[in-house]
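Descriptive structure summary
What follows is the residue order along each chain.
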Amino acid sequence: MTQKVRKAVIPAAGLGTRFLPATKALAKEMLPIVDKPTLQFILEEALKSGIEDILVVTNKAKRSIEDHFDSNFELEYNLKEKEKNDLLKLVDEATAIRLHFIRQSYPRGLGDAVLQAKAFVGNEPFVVMLGDDLMDITNPNAVPLTKQLMDDYEKTHASTIAVMPVPHEEVSAYGVIAPQGEGINGLYSVDTFVEKPAPDEAPSDLAIIGRYLLTPEIFAILENQAPGAGNEIQLTDAIDTLNKTQRVFAREFKGDRYDVGDKFGFMKTSIDYALQHPQVKDDLKQYLIELGKKLDDTK
Ligand code: G1P
């Protein structure tokens, strides 16, 4: 019998060095896209997919995450007194989620961060959602990628990893799959999973994009996983081992992926999201048109 997927793990213990100095005291997951922390988009995807419990793997520098998703009595009281009900609703949304926290004591890599979730997950299938990848945030009608993986699991009862084609010269920033054949309706059987291959050694341009549905057998593998790329314990290496004893599929994502782990990606995400935001979209559109003209003139 297939077990229902109920739990998600969100690794958020990275040091955020790409966004220094902003991330010296603030968790990078709290950096906002217009007015919403990136982590809140991930939590919304989880909720929309039907996930019930979420474990966030943090470290000692990530107190701002726990505070954000706790209630803030002073603020709520103040907003209530001033009858700012629309703002109150936005603040409430952050706390309407069942969250658990655990710390990763040493930055040993993504595989080790996921291993911290072993007791929380128990013997159930679960999803892993990486905070640097936001999916379809400007398309509220899209089926969330996490939900797509959960639907696949209902049919296959197997671990399934989300992938997407990336430009060939960028493959070394990702885990990459060697697919078997063409795939059926975007679902691939996989020969191997390789973390951060050099472009001339990459088995394809299909990159892992931060959403994983895993069976609990991954934990026994992670416990014995030797460090790999970057001398870190890599989740991709453990998935490759899992694939040798039980099938692991790859699901090709056809929607819009926003990479907020990178400065330029973060800027593009902010602009795309702002262009849909009721409070700023008209002004931003106007500004971009004027900016376009100015840039044309300086050509
Ligand atoms: C991690 C994973 C990698 C995956 C990527 C997606 O890498 O290790 O397999 O392709 O996320 O964003 P990181 O970006 O943490 O280096």
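Per chain, residue numbering runs from 1 following the sequence as it is written. Owing to the predicted nature of the model, reporting of local features is limited to residues with pLDDT of at least 70; listing and counting of side-chain atom pairs is limited to 80 or more, with chain, interface and lining totals taken over all residues. As a rule here, side-chain values come from all non-hydrogen atoms in the structure, and water together with hydrogens is ignored.

Which entries qualify depends on this criterion: UniProt positions are given in the numbering used here, feature names are shortened, and annotations may be inferred rather than shown by experiment.
An unreviewed UniProt entry lists the chain under the name UTP--glucose-1-phosphate uridylyltransferase, with Streptococcus zhangguiae as the source organism. For the chain, the Sequence similarities (unreviewed entry) comment in UniProt is given as "Belongs to the UDPGP type 2 family." The Pathway (unreviewed entry) field of the UniProt record for the chain holds the comment "Carbohydrate metabolism; nucleotide-sugar metabolism."

Points about the overall build of the chain
Put simply, the rule reads: Numbering of helices and strands runs from the N terminus; a helix is a DSSP stretch of H or I covering at least four residues, while a strand is a stretch of E covering at least two. Note on classification: 1.4 Å probe, protein chains only; a residue is buried when its accessible area is under 20% of the maximum for its type, exposed when over 50%, partly exposed between these limits. Should any heavy atoms of two residues lie within 4.5 Å, those residues are counted as being in contact. Here the accessible surface of atoms and residues is derived via Shrake-Rupley with a 1.4 Å probe, and residues count as covered only by protein chains that are part of the display. Here the positive residues are Lys and Arg and the negative ones are Asp and Glu; neither His nor the chain ends is included. Charged side chains are reduced to one point each, which is NZ for Lys, CZ for Arg, CG for Asp and CD for Glu.
Broken down by element type, the chain carries eleven helices and 13 strands. With the C-alpha coordinates of the chain rotated into their principal frame, the extents come out at 60 × 55 × 35 Å. The buried share among the 299 residues of the chain stands at 49%. Considering only residue pairs separated by 6 or more positions, the chain has 78% of its internal contacts joining residues 24 or more positions apart. On the chain, roughly 15,800 Å² of surface is accessible, and the fraction owed to carbon and sulfur atoms is 51%. One way to put it: in the chain the 35 positive side-chain charges average out to a point 3 Å from where the 47 negative ones average out.

Focus on helix H7 (residues 145–156)
As a reminder, the rule being used: By this rule the span expected of a helix is its residue count minus one, scaled by 1.5 Å. Directions are taken from the helix axis to each C-beta atom, and the arc is the one they span.
The end-to-end C-alpha separation of H7 is 16 Å, in line with the 16 Å expected for twelve residues at 1.5 Å each. Residues Leu 145, Thr 146, Leu 149, Met 150, Asp 152, Tyr 153 and Thr 156 constitute the buried set of H7. Projection of H7 onto a plane perpendicular to its axis shows the buried side chains occupying an angular sector of 160°, all on one side. Of the residues in H7, the exposed ones pointing more than 90 degrees away from the buried face are Glu 154 and Lys 155. Phi for His 157, located one or two positions after H7, is positive at around 60°.

What about the packing of aromatic side chains?
In this description, an aromatic ring pair is defined by two values, namely the gap between the centres and the angle between the planes. Quick reminder of the rule: Only centres within 6.5 Å qualify two rings of Phe, Tyr or Trp (six-membered ring in Trp) as a pair; their planes then separate them into stacked at under 30 degrees, edge-to-face at over 60, and tilted for everything else. Only Lys NZ and Arg CZ are tested; either one counts as a charge over a ring when it is within 6 Å of the ring centre and within 35 degrees of the ring normal.
The final tally for this structure, using the stated rule, is three aromatic pairs. A cation sits over an aromatic face here: Lys 7 above Phe 120, 5.4 Å from the ring centre.

Observations regarding the site of the ligand
Keep this limit in mind: A molecule or strand has a residue near it when one of that residue's heavy atoms lies within 4 Å. Polar contact is the term for a pair of N or O atoms within 3.5 Å; when the atoms are in protein, one must be able to donate a hydrogen and the other to accept it, and sequence-neighboring residues count only if both atoms are side-chain atoms. Note on definitions: the grid is 1 Å and covers protein atoms alone; a cavity is a set of points where a 1.4 Å probe fits but cannot get out; a pocket is an open set with protein on both sides within 12 Å along at least five of seven lines; lining residues have an atom within 4 Å of a point. Any molecule with more than half of its atoms within 2 Å of a cavity's or pocket's grid points is counted as sitting in it. Each residue is assigned to one of three groups, with Ala, Val, Leu, Ile, Met, Phe, Trp, Tyr, Cys and Pro labelled nonpolar, Asp, Glu, Lys and Arg labelled charged, and all others, Gly among them, labelled polar.
By nearness alone, every residue bordering the ligand is listed as Leu 110, Leu 130, Asp 133, Tyr 174, Gly 175, Glu 195, Lys 196, Ile 208, Tyr 212, Gln 234 and Thr 236. At a separation of 2.9 Å, an oxygen atom of the ligand approaches a polar backbone atom of Gly 175. Protein chains shield 79% of the accessible area of the ligand, which is 380 Å² for the free molecule. Here the ligand occupies the largest pocket. The class makeup of the residues in the shell around the ligand is five nonpolar, three polar and three charged.

Notes on the pairing of strand S6 (residues 126–129)
This is how the line gets drawn: Between any two strands, pairing holds if DSSP finds at least two bridges.
Neither face of S6 is left uncovered, since the one carrying Phe 126 and Val 128 and the one carrying Val 127 and Met 129 both have all their residues buried. In the sheet, strand S1 (residues 7–11) pairs with S6 via three bridges, with the strands oriented parallel. Its bridge partner being in S6, Val 9 is matched across the sheet by Val 128. For S6 and strand S11 (residues 206–214), the ladder comprises four bridges, and the chain directions are antiparallel. When the bridges of S11 are listed, Phe 126 appears paired with Leu 214.

So, empty space enclosed by the protein
Empty space among the atoms can be located by rolling a probe the size of a water molecule over them. Note the following rule: Grid points are joined across faces, edges and corners, and a volume is the space filled by probe spheres set on the points.
Going through the model one piece at a time under the given rule, you end up with one cavity of 30 Å³ or more. When its volume is computed, the largest cavity comes out at roughly 60 Å³. If you trace the largest cavity, you find it lined by Phe 19, Lys 28, Glu 29, Leu 31, Thr 38, Gly 131, Asp 132, Val 260, Gly 261 and Phe 266. In terms of residue class, the lining of the largest cavity is made up of four nonpolar, three polar and three charged.

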